[in-house]
Amino acid sequence: MKTATVNRKKVLDDYRRFFPAAALDRMHSEGLDIVEVERDGAFIFDEKGRRYIDCIASASVYNLGRRPRGVTTAFKKALRETDQGNFPMISREKAALAAKIAAFAPSGLECVVFSVTRGESVDFACKLVRGATGRSGIVTVDGSWFGQTGFALSLSERANREMYGPLIPAVDTIPFGDFSSAARAITDTTAAVILEPLQAENGCRAAYPEYLAEIRRLCDARGAALIFDETQSGLGRTGRKFFLEYSGILPDVLVMGEALGAGVFPIAATVFTKKLNRFMNRHPLIHLSTFGGADLGCMAGIAALDLYERLKPWENAEVMGRRLRSGIERALRGRRRPNGMVSGAGLLLAIDLGSPENALSFCRAAARSGILVKPGDVDASSVLIRPSLLITPTQTNEIIGAVEKAAADIKFI
Amino acid sequence: MQASASGKRALTGREEKKRVEGQFARHINSGQVKYLKAGHLDVLETMRRGIRFTDEATGRTMIDCFTSAGCFNVGRGNPLVLAALEDALGSLDMGSRVLMSPWKAALARALVEIAPKGLDRVFFASGGGDAIDCAIKLARGATGRPTIVSTIKAYHGHTGFALSANGKEHYRRHFEPLMPEFRFVPFNDSEAMASAITDKTAAVIIEPIQGEAGIFPAADDYLVDLRRLCDRHGALLIFDEVQTGFCRTGRFFACEHSGVVPDIMALAKSIGGGVYPNGAVLYRGLPVINRFLKKHHDFHPSYDGGSDIGCCVSLAVIRFMRETRLWEKAERSGARLYSALEDLRRENPAIIREVRGRGLMIGIEYIHEFMGPMMSDALARNGVFAAYSGNAPQVMRFMPPLVASDEDIDEIIAAARAAVAVMKSLLPLALPAARVPFLLNMLNNERVQTLLFNWLRSVEDLIARIPGPGGSNK
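This section reports on the structure supplied with the text.

The rules behind these values
Residues numbered from 1 in each chain as written. Chains lettered and ligands numbered in written order. Predicted model: local features only at pLDDT ≥ 70, side-chain atom pairs only at ≥ 80, totals over all residues. Heavy atoms only, no water. Helix = DSSP H or I, 4+ residues; strand = E, 2+ residues; numbered from the N terminus. Rg over C-alpha atoms; globule rule 2.2 N^0.38 Å. Buried < 20%, exposed > 50% of the residue type's maximum accessible area, 1.4 Å probe, protein only. Contact = heavy atoms within 4.5 Å. Areas by Shrake-Rupley, 256 points an atom, 1.4 Å probe, with all protein chains shown as cover. Lys, Arg positive; Asp, Glu negative; His and termini not counted. Charge placed at Lys NZ, Arg CZ, Asp CG, Glu CD. Pairing = 2+ DSSP bridges. Patch = residues over 30% accessible without salt bridge, like charges linked within 9 Å, V, L, I, M, F, W, Y side chains within 5 Å. Salt bridge = Lys/Arg side-chain N within 4 Å of Asp/Glu carboxyl O. Arc of directions from axis to C-beta. Expected span 1.5 Å × (residues − 1). Buried area = accessible area lost by both parts, 1.4 Å probe. Polar contact = N/O pair within 3.5 Å; in protein donor to acceptor, adjacent residues only side chain to side chain. Nonpolar A, V, L, I, M, F, W, Y, C, P; charged D, E, K, R; others polar. 1 Å grid on protein atoms, 1.4 Å probe; cavity = no way out; pocket = protein on both sides within 12 Å on 5 of 7 lines; lining within 4 Å. Points joined across faces, edges and corners; volume = space filled by probe spheres on them. Axes fitted to C-alpha atoms, helices over the stretch in contact; angles between N-to-C directions.

1. Here's the deal with the overall build of chain A
Helix and strand content of chain A: 14 helices and 17 strands. Taking 413 residues into account, the globule formula puts the C-alpha radius of gyration at 22 Å, and chain A, at 21 Å, falls close to it. The principal-axis extent of the C-alpha atoms belonging to chain A is close to 60 × 55 × 45 Å. Here chain A holds 413 residues, and 68% of them are scored as buried. Counted over contacts in chain A with a minimum sequence separation of 6, partners at least 24 positions apart contribute 74%. Counting only carbon and sulfur atoms, one obtains 50% of the accessible surface of chain A, whose full area is about 13,600 Å². Positive and negative side-chain charges of chain A, numbering 54 and 46 respectively, have mean locations separated by a distance of 3 Å.

Printed below as a string of structure tokens:
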């Protein structure tokens, strides 16, 4: 199917026929019932050639923009030389990307297990700490969103989690930022504490450095491991390579999301210490992933990391993030509702719109003004702005203009 | 061998393999390197084309009978699939889950066209485990019931729900406690299932052919019984066709053999054409499911499954299968391979206990576990790469690409014959040991095997490196 021949009506018919009807309604309510046809850098184009700035970036996958040339070119070349490979085998591609990740990741994290998707990486992280410590307890914080698979779901804040029956036991959820409940919850039976240092889907709530330091101290005192999920906040998104650099607190396990494959290939990774890997070395092939770390995906990942290292997009994210944030704050100031509060870091920002209804009308108005945004999965009153990390000042101004126009367009309730 | 641009001498195949092993051991897993060496499975795959690849270290070209547990049904580097992928890379990327995608819609349509009648709605997933997690969430959510009945030795994946449904202690034990309300009953036992299913059962989950367990096909009658039992109790029937789907067993989907249509079917592996991750969950639009989805359509969103590029690849896979009627080829080749292996079993009852399978999904069960690694080696020396199941080393799986020709199949048969002949020559050494219960346990212990076979490997490697008149250092 050529992109030029896309027929919106036919796509709509197929969606009605093969997917839940409610899914289309939801897209409509978010202003996202748009056929995504062409994509380039910061932009998406629909079948009529209408241009939008992609401020969803597939939940922080497109950190390098859409179709970064360095990655697509390298991937095309790799196609002639390799394929996904036999998953249990040693492979040059897997070894090379793992070594590259070890060099890229914060110090002390040098062992890698690959996966396709975030949830799978989180599930593995939980299995790793249970296996390595011989303990079962996993402590998580409220407001979390780790993904859809079994462990990830069990650890996330989901209103209707109990619909899926009894989930993973020995999970304890504590209030984010609360020191005394952390002290109570982290015990000698705790395998690990897991948290997102910056909760993107929860209004970009960030952990205070003192809180992370205290969690680190408690984990060390009790012999528990510390897991950070930086799927959304990592790989330059927040103005640093990883958000943890703001606090300087190092975890034992770091979940790196699909920004690793730059949206060209789905690949994610769990990176951890040598000490924890002793367990995996004793029990090889105890956790498998057919597609995780596919050799072709590793080639895409290597090209993407090369690009991250060369372009240092975190620098642009910091500068443009500041510009975007103050621009949005200015644009929303003086409106009775919402208060226009903006949270987050770098180019991972959340606007508090006061209610889920406001958030949805804002998303629709924003789409009409040429930017695509989405409410948070945990805090539905917030709307997230996360464009390509390589956006230009002009594009940043365009986003600010669209936010201002959208805010003026809607009636806040 | 070429000199590298930096002027340094390019590494020989063996040196390169050693370098890769070192890097792999340091940053991924050293235990895995040792384990693969012990099992003679330590190859470095290059020139992955059609049904073969070449081991860089030995230069040995082998027929791939493992195929990443059934991922390469259309062959490795399938030209039609590669062309579709290259074309997709010209204008697409993974796309955005929250927007509408013509490619996602097209793949959903294609999947429904090939699926058993009734499975006419689609979710996407990032792979097998993710698809199973999606399927179990859908079953629990839709029925409002907690219990999942799975089978002993079942293998469904490694994510939270899938792992909880695995019927093997081996994969579960270090990670307990897993999800409550998962029950396990013996496979192919209708009575056991009848007593396990209650009005609290959300779903029964089963592989129509247990793959990782060591290739155990479900009897057609058994699947018919499961359908009847599920209907009687209002439970949903989930088929895990991750390995058996996409023509592997001689039908597009293995459930077609019995005519039983499940309520939910999980797909992955070969849907990705051996190049790109993808997965799907097909389901029937039952009232109980539709009611649930009305409120919770987004119960298992996938950013990585059903990506635009992935859908283009999967569409090419399906087109290739339909155009070449690949399932027919699988059935024909499967019959050829099966009968030859069955002959081999009759001739060698001291080595082969049983041959099982359907289509080109065939397992050989040896008399003793320690024979698995020995056969892997003997087969590799004869140009066939076949792996034994991780924790059932007595069973070797033969799942070559379905594009294999009759001559290719005959080559596999010849290699199996030659390998068995080698085994026969070694048995006078191994079998007396196997008669001593203590020694047999030792031989069958995975850790002991890893140590022992690694030691044997280093002796072999040493001998191979001694330059002789025959130039054994190949």
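Resuming the write-up.
2. Topic: the pairing of strand 17 (residues 392-398) of chain B
All names here are of chain B. Counting buried residues along strand 17, 7 of its 7 residues qualify, which places the element largely inside the surrounding structure. Here strand 14 (residues 361-366) pairs with strand 17 via 4 bridges, running antiparallel. By the bridge assignment, G363 is partnered in strand 17 with R397. By the bridge criterion, 2 bridges tie strand 16 (residues 388-389) to strand 17 in an arrangement that is antiparallel.

3. Here's the deal with a nonpolar patch on the surface
Where nonpolar side chains cluster on the molecular surface, the patch consists of V422(B), L426(B) and L429(B) and spans about 270 Å² of accessible area. Counting through the fold element by element, L429(B) comes out in helix 14 (residues 406-435).

4. Some words on helix 10 (residues 287-296) of chain B
For helix 10 of chain B, the set of buried residues is I289(B), F292(B), L293(B) and H296(B). Viewed end-on, helix 10 of chain B has its buried residues packed into an arc of 95°, placing them on one side of the element. Exposed positions of helix 10 of chain B whose direction lies more than 90 degrees from the buried face are P287(B), R291(B), K294(B) and K295(B). Along its buried surface, helix 10 of chain B packs onto helix 2 (21-29) of chain A together with strand 4 (121-125), helix 5 (128-143), strand 10 (236-240) and strand 12 (279-283) of chain B.

5. Concerning the sheet that holds strand 14 (residues 348-352) of chain A
Residue and element names in this part refer to chain A. Sheet architecture is open: 4 strands sit in the order 13-14-17-16, paired in antiparallel fashion. The open sheet has two edge strands with one neighbour each: strand 13 (342-345) and strand 16 (374-375). Pairing geometry for strand 14 and strand 17 (residues 382-385), over 4 bridges, is antiparallel. Each residue of the ladder has a partner; that of D352, found in strand 17, is S382.

6. Considering helix 12 (residues 326-347) of chain B
Over its 22 residues, helix 12 of chain B runs 32 Å from end to end, which matches the ideal 32 Å to within 8%, given 1.5 Å per residue. Within helix 12 of chain B, burial applies to L326(B), W327(B), A330(B), S333(B), G334(B), L337(B), A340(B), L341(B), E342(B) and L344(B).

7. A few points about the environment of T249(B)
Residue and element names in this part refer to chain B. Position of T249 among the secondary structure elements: in the loop between strand 10 and strand 11 (264-267). On the basis of relative accessible area, T249 is assigned to the buried category, the value being 1%. Distance from T249 to I209, taken between C-alpha atoms, is 9.0 Å for residues 40 residues apart in sequence. With residues near it in sequence (within four places) discarded, T249 still touches I209, T244, A254, H257, R358, G359 and M361.

8. Things to note about the interface of chain B and chain A
Contact residues are listed per partner, giving 110 residues for chain B and 108 residues for chain A. Taking both sides of the interface into account, the surface hidden between chain B and chain A amounts to around 9,500 Å²; carbon and sulfur atoms contribute 60%. Taken together, the links from chain B to chain A amount to 12 salt bridges. In this structure, R109(B) engages D14(A) in a salt bridge whose closest nitrogen and oxygen atoms are separated by 2.4 Å. For the interface between chain B and chain A, the tally reads 54 residue pairs in polar contact (both at pLDDT 80 or more). Ranked by the residues each element gives to the side of chain B that touches chain A, the list is headed by helix 1 (residues 13-38) of chain B, at 17 residues. In terms of residue class, the side of chain B that touches chain A is built from 53 nonpolar, 27 polar and 30 charged.

9. Quick notes on the pattern of salt bridges
Where side chains of opposite charge bring their charged atoms close, a pairing between them can arise. Going through the model one piece at a time under the given rule, you end up with 66 salt bridges over all chains. Here D46(A) makes a salt bridge to R50(A), at a shortest N to O gap of 2.8 Å. The salt bridge involving K17(B) is made with D42(B); its shortest N-O contact spans 3.0 Å. Within this pair, whereas K17(B) is found in helix 1, its partner D42(B) is found in the loop between helix 1 and strand 1 (45-49), the two being separated by 25 residues in sequence.

10. A closer look at empty space enclosed by the protein
One pass over the structure, following the stated rule, counts 6 cavities of 30 Å³ or more. Contributing to the lining of the largest cavity are 45 residues, with F87(A), L288(A), T290(A), Y155(B) and K269(B) lying nearest its centre. For the lining of the largest cavity, the elements supplying multiple residues, two or more each, are helix 1, helix 5, helix 7 (169-172) and strand 16 of chain B. Here the second largest cavity defines a volume of roughly 270 Å³. Residue lining of the second largest cavity: 18 residues in total, with F87(A), V113(A), H287(A), I28(B) and Q32(B) positioned closest to the centre. Secondary-structure elements contributing two or more residues to the lining of the second largest cavity are strand 4 (111-115) of chain A together with helix 1 of chain B. Here the residues of the lining of the second largest cavity are counted per class, giving 12 nonpolar, 5 polar and 1 charged.

11. Let's talk about the sheet that holds strand 7 (residues 201-206) of chain B
All names here are of chain B. The strand order across the open sheet built from 7 strands is 4-12-11-10-7-5-6, with neighbouring strands paired in mixed fashion. If you trace the sheet from one side to the other, it starts and ends with strand 4 and strand 6 (182-185), each paired once. Pairwise comparison of adjacent strand axes, ignoring direction, gives a mean angle of 20° for this sheet. Here strand 4 pairs with strand 12 via 5 bridges, running antiparallel. Directly across from F123, in strand 12, lies its bridge partner V281.

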